[in-house]
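Spelled out, the chains give:
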Amino acid sequence: MIDDCLAIVMAGGESQRMGCDKATLLIGEQTLLQRAIGNMQMVFSQVTISVRQPRAGISLPQVCDAYADAGPLAGLCAGLERAVQTNTPWVFAVATDMPFVKPALVEYLAQQRQGYQAVVPVVQGHPQPLAAFYASGCLDQVQGMLRGNGKR
């Protein structure tokens, strides 16, 4: 178990292109959200759901976006804020629509954190910021991006 980290399952998307809430789509007998939660509970002692507004039927803690219409960065910010409040040094953010993130990958990434503020895997040249570790000390930078007019 990774105990120095809060896993944040990002479930606040609008699913505009999908036409329905992605989190409720089924893979076998589980929704994407249930699968993502289960995968994170195999690795982390603390799991929280990041949402735009509270979701019914979820027994885990939830954090709500403080920045409206700011996309996944707002969810990451909410997770980092919770980590700071609970004196947890790290956050692992994972998107609900990434149901195949394996515990072994998460554990490997966790081993790479020494000396870094973020560990973001790159797949075929594309960073995967929603399957990544962030130090809680990144909160100020994330808030600054959300308050600014720059690319999020």
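Here the structure is shown first, and the text comes after it.
In this text the structure is predicted, and so the values were computed from the model without any measurement.

Novice: Can you break down the nonpolar core residue by residue, with the values?
Specialist: In terms of nonpolar packing, the biggest core is built from 45 residues, with Val9, Met40, Phe44, Leu76, Phe92, Val106 and Phe133 touching the most fellow members. Put simply, the parts of the chain that give this core at least two residues each are β1 (2-10), α1 (32-41), β4 (44-51), α2 (72-85), β6 (90-95), α3 (103-111), β10 (131-135) and α4 (139-147). Looking at this core element by element, the count peaks at 7 residues for β1. Those residues in contact with Met40 that sit more than four places away from it in its chain are Ala7, Val9, Val47, Phe92, Val94, Val101 and Val106.

Novice: Describe unusual backbone geometry, and please don't skip the residues or the numbers.
Specialist: With phi around 55 degrees, Asp69 is a residue other than glycine that occupies positive phi space. Position of Asp69 among the secondary structure elements: in the loop between β5 (62-64) and α2. Positioned with a positive phi, Asn87 is a non-glycine residue whose angle comes to about 55 degrees. Looking at the secondary structure, you find Asn87 in the loop between α2 and β6. Accessibility expressed as a relative area gives 70% for Asn87, which makes it exposed.

Novice: Report on the packing of aromatic side chains, specifying residues and quantitative values.
Specialist: The full count for this structure, using the stated rule, is 4 aromatic pairs. Centroid distance Trp90 to Phe133: 6.4 Å. Interplanar angle 85 degrees. Geometry classified as edge-to-face. Of the two residues, Trp90 sits in strand β6 while Phe133 sits in strand β10, which places them 43 residues apart along the sequence. By relative accessible area, which is 0% here, Phe133 ends up buried. Ring plane angle 55 degrees and centroid distance 4.8 Å describe the contact between Phe92 and Phe133, whose orientation is recorded as tilted. Placement of the pair is Phe92 in strand β6 and Phe133 in strand β10, with a sequence separation of 41 residues. Ring pairs connect the aromatic residues Phe44, Trp90, Phe92 and Phe133, which therefore count as one cluster.

Novice: Got a sec to walk through the environment of Val51? Specific residues and values, please.
Specialist: Within the secondary structure, Val51 sits in strand β4. The exposure class assigned to Val51 is buried, which follows from its relative accessible area of 1%. Ignoring any residue separated from it by four or fewer positions in sequence, one finds Val51 in contact with Ala11, Gly12, Gln62, Val63, Cys64 and Asp65.

Here is what the cut-offs are and how they apply
Residues numbered from 1 in each chain as written. Predicted model: local features only at pLDDT ≥ 70, side-chain atom pairs only at ≥ 80, totals over all residues. Heavy atoms only, no water. Core = buried A, V, L, I, M, F, W, Y, C linked by side-chain atoms within 4.5 Å. Buried < 20%, exposed > 50% of the residue type's maximum accessible area, 1.4 Å probe, protein only. Helix = DSSP H or I, 4+ residues; strand = E, 2+ residues; numbered from the N terminus. Contact = heavy atoms within 4.5 Å. Phe/Tyr/Trp six-rings, centres within 6.5 Å; stacked < 30°, edge-to-face > 60°.

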